[in-house]
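Below are the chains, spelled out letter by letter.
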Amino acid sequence: MAGTDRSKARREGGTGPAIILVEPQLGENIGFAARAMANGGLSELRLVRPRDGWPNDKAVAAASGADSVLDAARLYGSVESAIADLQRVYATTARPREMRKAVLTIREGVGDIRKSV
């Protein structure tokens, strides 16, 4: 992929952030996420209880060449098990939630991540 520099992650022994999809409803959405991840140089996809099961042919078709991300995807039975080995977790949603959690813009979130490493 042009413009993607994975050398820093390799030197530091990491693979970058894990992307976790919780109860994704369509295989296509998993494939689209994998494609976006591959374009951005990310490789660790975790799936929590995908509705249409895993593996999924529609995810492969939608991934459009991001097969390595899908091949390495790991399946989890709960959010707790999917995040158990992570040090820091950020969540996003398109739905409004009535929760007492800090809300950050993308820029603020990235700044927070940079401070923590």
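Since we're looking at a predicted model, the values are computed, not measured.

1. A short note on helix α2 (residues 27-39)
The terminal C-alpha atoms of α2, which comprises 13 residues, lie 19 Å apart, in line with the 18 Å expected from a rise of 1.5 Å per residue. Taken together, the buried positions of α2 are G27, I30, G31, A33, A34, M37 and A38. The buried residues of α2 all sit within an arc of 160° when viewed along its axis, so they share a single face. Those residues of α2 that are exposed and aimed more than 90 degrees away from the buried face are A36 and N39. For α2, the secondary structure elements touched by its buried residues are β1 (18-22), β2 (44-48), α3 (57-63) and α4 (67-72). Count one or two residues on from α2 and you reach G41, which has phi positive near 80°.

2. Some details on the nonpolar core
Ranked by size, the top nonpolar core spans 14 residues in total, and within it L21, I30, A34, L45, L47, V69 and L70 carry the most contacts. Contributing elements (two or more residues each) for this core: α2, β2, α3 and α4. Looking at this core element by element, the count peaks at five residues for α2. Ignoring any residue separated from it by four or fewer positions in sequence, one finds I30 in contact with L21, P24, L45, L47, P50, W54, A59 and L70.

3. Some words on unusual backbone geometry
Note that the residue after W54, namely P55, is joined by a cis bond; omega there is 0°. Unusually for a residue other than glycine, E23 sits at a positive phi of about 50°. The exposure class of E23 is partly exposed, given its relative accessible area of 42%. Notably, S64 is not glycine yet its phi reads approximately 45°, a positive angle. Within the element layout of this structure, S64 appears in the loop between α3 and α4.

4. Considering the environment of A61
By the element assignment, A61 lies in helix α3. Residue A61 is classed as exposed on the basis of its relative accessible area, which comes to 63%. A sequence separation of 33 residues divides A61 from E28, and the C-alpha atoms of the two residues are 7.6 Å apart.

Rules behind the numbers
Residues numbered from 1 in each chain as written. Predicted model: local features only at pLDDT ≥ 70, side-chain atom pairs only at ≥ 80, totals over all residues. Heavy atoms only, no water. Helix = DSSP H or I, 4+ residues; strand = E, 2+ residues; numbered from the N terminus. Expected span 1.5 Å × (residues − 1). Buried < 20%, exposed > 50% of the residue type's maximum accessible area, 1.4 Å probe, protein only. Arc of directions from axis to C-beta. Contact = heavy atoms within 4.5 Å. Core = buried A, V, L, I, M, F, W, Y, C linked by side-chain atoms within 4.5 Å.

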